[in-house]
Amino acid sequence: MEETQRQKKIGGILQQDLAEVLQKAATDGGLRGVIISVSKVNVTTDLSIAKAYLSIFPNKDAKKLLDGIRSNTPLIRHELAQRTKHQLRRMPNLEFFIDDSLEYIDGIEKSLKGEDNPIKNKDLLDKRKKS
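Residues numbered from 1 in each chain as written. Predicted model: local features only at pLDDT ≥ 70, side-chain atom pairs only at ≥ 80, totals over all residues. Heavy atoms only, no water.

Draft legend 1. Region of the structure containing unusual backbone geometry. The phi dihedral of L47 falls on the positive side, at around 60°, and the residue is not glycine. Along the chain, L47 falls in the loop between strand 1 (35–43) and strand 2 (49–57). Given the relative accessible area of 28%, L47 is considered partly exposed. (Helix = DSSP H or I, 4+ residues; strand = E, 2+ residues; numbered from the N terminus. Buried < 20%, exposed > 50% of the residue type's maximum accessible area, 1.4 Å probe, protein only.)

Draft legend 2. Quick look at the pattern of salt bridges. Taken as a whole, this structure holds 6 salt bridges when the rule is applied. In this structure, R83 engages E79 in a salt bridge whose closest nitrogen and oxygen atoms are separated by 3.3 Å. A residue pair is termed a helical-turn pair when its members lie 3 or 4 positions apart in one helix, as R83 and E79 do in helix 3 (residues 73–83) at 4 residues. Since its relative accessible area comes to 34%, E79 is described here as partly exposed. (Salt bridge = Lys/Arg side-chain N within 4 Å of Asp/Glu carboxyl O.)

Draft legend 3. Main features of the packing of helix 1 (residues 5–28) against helix 3. For the pair helix 1 and helix 3, interaxial distance at closest approach is 10 Å and the crossing angle is 125°. In terms of orientation, helix 1 and helix 3 fall into the oblique class. In this structure, the crossing between helix 1 and helix 3 has a hand that is right-handed. Taken together, the residues of helix 3 that come into contact with helix 1 (itself represented by L14, D17, L18, E20, V21 and L22) are I76, E79, L80 and R83. The residue inventory of the contact of helix 1 with helix 3, partitioned by class, reads 6 nonpolar, no polar and 4 charged. (Axes fitted to C-alpha atoms, helices over the stretch in contact; angles between N-to-C directions. Parallel < 35°, antiparallel > 145°, perpendicular 65-115°, else oblique. Left-handed = near helix turned anticlockwise from the far one by under 90°. Contact = heavy atoms within 4.5 Å. Nonpolar A, V, L, I, M, F, W, Y, C, P; charged D, E, K, R; others polar.)

What follows is the structure, given as structure tokens:
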């Protein structure tokens, strides 16, 4: 289903403010060299839930950071509500997910370049069948 203009506008507002809040929290928390970006925010049609897709670099810390972000969701939601109080009446509930689209694109590029060619490397073919 196509997003309405209202959903897109709210998603854009939340995406910008959420990126600022998360990056500030990361640097204040002593995480130097960690970049957190919000690649997309989808808002449901009733504007009650916002699904935020995060890209975290370096990727090895992504799962641990996502767990920390999820555990601090009420604080993040409160901070966003303070920032958007003149634009939104109600703050949607937040759900966070890892955006793995860059890894997916990188995998496709490697396959096209021949680095991960399953015909030449039979072990890759077995790995793909198992997953």
